[in-house]
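# Reading the structure
Each chain, written out:
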Number of protein chains: 2
Amino acid sequence: MKKYQLMAPGPTPVPSEVLLAMARPIIHHRTPEYAALFTEVRAGLKRLVQTAQEVLPVACSGTGAMEAAVVNTLSPGDRVIVVNAGAFAQRWLAICRAFRLDVVELAAPHGDTVPPARVAETLRAQGSVRAVLVQHSESSTGVLHDVRGYAEATRRTDAILVVDAVSSLGIADVPMDAWGVDVVVSASQKGLMLPPGLGLLALSDKAWAAAARATLPRFYLDLAEERKYAAKNEARFTPAVSIMVGLREVLRMIEAEGLPNVFRRHDRLSRATRAGAEALGLTLFPKTTPSPALTAVAVPAGLDADRVVEGFATQHAITIDGGRGPTKGKIFRIGHMGYATDTDVIIALAALEQVLADLGQPVDFGAGLRGAQKVFAEKS
Amino acid sequence: MKKYQLMAPGPTPVPSEVLLAMARPIIHHRTPEYAALFTEVRAGLKRLVQTAQEVLPVACSGTGAMEAAVVNTLSPGDRVIVVNAGAFAQRWLAICRAFRLDVVELAAPHGDTVPPARVAETLRAQGSVRAVLVQHSESSTGVLHDVRGYAEATRRTDAILVVDAVSSLGIADVPMDAWGVDVVVSASQKGLMLPPGLGLLALSDKAWAAAARATLPRFYLDLAEERKYAAKNEARFTPAVSIMVGLREVLRMIEAEGLPNVFRRHDRLSRATRAGAEALGLTLFPKTTPSPALTAVAVPAGLDADRVVEGFATQHAITIDGGRGPTKGKIFRIGHMGYATDTDVIIALAALEQVLADLGQPVDFGAGLRGAQKVFAEKS
């Protein structure tokens, strides 16, 4: 017997209580039951995103939500800056190019970041930039970009700051209103502990003003229309009802734990995972602030990281993930976000020790676990 | 105690077996488990849509799937014909206008249809029409439009036929390849007995050729890209995993029953519901072929149909639906699609007799039920 563990950098495990709530008979979205649910969810989402703005749920994946951010706030030919240091940044590039924007790419090597000063400088040099599009947590590299710094750079310009918070919402602190983020884009299947299929978007007043001018065509993802319905506490189109039911449950769980505690838990899990990996002689992939959502680990020369991923799957029934593009075969990535606790990190590090040994690497058994245990023993 | 019954014209009930399958731990979409699921689902969807083409699942609602049909096959300024005889036809109009198409509207009163000859004539008269967009089952009015006839009208022209089969797939026969439908648009929450949140699209060779020329911008809903991934049996973006798990279950249920039997069941349920309503002295709203997905019933003058809907909800815990726009207060609509059997029709008609009596209408108790029973007693 093996217990299956989903520890990829998303989708992430859904708590059984939430799965069973979602397995209740489907409710119709134009009933008092759904209205009560939507009232509660709307209020909970505002607290989660730390904003006074409406947070709009849309039936789509995270990529659909990213596209919604672009088509609602921009017009063909608009100049935008994309901070590119990973695979999800490349998705911003692909979306912006598909919608014929004038893209200024600020690139950094995978594993690194682009400092806010470079964004500020480019904003000054380029002029008439309409938007800066970034990831908060770049889950392809395990890096946490400095969204607060980017917000300081965009604040006094005409550019809006659009943040992919898919793998940071409910994981790392990103207080939208306090920092001055203009568009928060997120999705259900990471920190929110839900199945994939629900996108979330919140826009600042500055972003809504941009939306009023934006001429890119949109209908399904038209957020101004979505907002009109949300203001009436109604769904515009048939919502992803079962995920919305789950959303009510996870928002209650997050509120019961307390958002600051949720952030502290993720920080602790990520520090423990990093300590464990380093204690095993491995190198962390990020050259800068690591994301609390996942740990990206570089393997020693001569070892194929995809064999590590395979060992987790076949020998330990644990799904983790490998690198993409330039990092393929060079890194593996362990997710510890959402429904994740100390025990998950212990399980992952125990498996890592066994997998490395199976692959012929020298392993001091218990060293990785000891590294994590020391972090868990800290009183904070 | 009241047993809740969802009998709206969508979303529809999800079988408990399917809900519980969806409540199993989330699987990752880049694993052998998901690959096996996707292989099975892809083959099952082709049989369901009766096509040799790939049927592409997209994480979105039915409206998102409708938009996908438009943005993948058309270019700004393209002339299109929309057959408009209901609220969902108006959604085609809204989408086409949002994407700046040149719309020729062929209107008929709600409850009626546009004969294929009128479409053929307009195609000849207008010239250079790129697409004809229709509903198969218009669930706002309970009418089934003549898709086979429309396909004959478009077949020898350059126009593609785009069919909203959201409330007909798995309900009424719409053999895509045999009839020559160019784009079938559907979604999870009607005949497929699943929660909302998954769109389905299939394109003919003629539609794929149109897609190759179409210049409307698209990224999330780019079906040519989706097809490339499907051909590798891979998901392009994170799929709505839990609904895909449910989809495997319902496809197995449909295959076990047999698609022709599924169509016969819906035909029988709709005939029984109509017979019951007429036996109670009510008038059916459709002036033409009724949809087997739902029954739209006009109420006697002086009675507000929304009171009937309310009576079903408050006295009988049954969700049905009312009219929209011009039919508001004038009709009520009972869904009998997807996970629906004789017993559901009996329950709905029993409630209808009680609700009408509560509203002061003369009711011959049992007459509606007798009408349905006679249909159920027919040997077919």
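Residues numbered from 1 in each chain as written. Chains lettered and ligands numbered in written order. Predicted model: local features only at pLDDT ≥ 70, side-chain atom pairs only at ≥ 80, totals over all residues. Heavy atoms only, no water.

On to the pairing of strand β12 (residues 294-298) of chain A, then. All names here are of chain A. Within β12, five of the five residues are buried, leaving the element largely enclosed by the surrounding structure. Of the two faces of β12, both are covered, the one formed by L294, A296 and A298 as well as the one formed by T295 and V297. By the bridge criterion, two bridges tie strand β11 (residues 283-284) to β12 in an arrangement that is antiparallel. Looking across to β12, one finds that T283 is bridged to A298. The pairing of β12 with strand β15 (residues 331-335) spans five bridges and is classified as antiparallel. Counted as the bridge partner of A296 is R333 from β15. (Buried < 20%, exposed > 50% of the residue type's maximum accessible area, 1.4 Å probe, protein only. Helix = DSSP H or I, 4+ residues; strand = E, 2+ residues; numbered from the N terminus. Pairing = 2+ DSSP bridges.)

We now examine the relation of the copies chain A and chain B. Of the transformation placing chain A onto chain B, the axial shift is 0.0 Å and the rotation is 180 degrees, giving an RMSD of 0.0 Å. Here the transformation between the copies is reduced to the relation of a two-fold axis. Looking at the rotation axis and the C-alpha trace of chain A, the residue lying nearest is C60 of chain A, at 2.4 Å. (Least-squares fit on C-alpha atoms with pLDDT ≥ 70 in both.)

The next point concerns the pattern of salt bridges. Overall, the coordinates contain 35 salt bridges over all chains when judged by the stated rule. Across the salt bridge formed by K328 of chain A and D306 of chain A, the nearest N and O atoms sit 2.7 Å from each other. Remark: D306 of chain A occurs in helix α12 (residues 305-316) and K328 of chain A occurs in the loop between β14 (321-322) and β15; sequence separation between them is 22 residues. For K328 of chain A, a relative accessible area of 53% gives the class exposed. Of the charged contacts, one joins E105 of chain B and R97 of chain B as a salt bridge, the two residues approaching to 3.5 Å between their closest N and O atoms. Residue classification places E105 of chain B among the partly exposed positions, given a relative accessible area of 35%. (Salt bridge = Lys/Arg side-chain N within 4 Å of Asp/Glu carboxyl O.)

Residue and element names in this part refer to chain A. Strand order across the open sheet formed by four strands is β11-β12-β15-β14, with antiparallel pairing between neighbours. At either margin of the open sheet sits one strand with a lone partner, and together these are β11 and β14. In the packing of helix α11 (residues 259-279) onto the sheet, the strands contacted are β11 and β12, and the crossing angle to β12 comes to about 15 degrees. Taken strand by strand, α12 contacts β14 and β15, and its axis lies near 35 degrees from that of β15. (Contact = heavy atoms within 4.5 Å. Axes fitted to C-alpha atoms, helices over the stretch in contact; angles between N-to-C directions.)

From the geometry alone we can't say anything about function, so treat these as descriptive.
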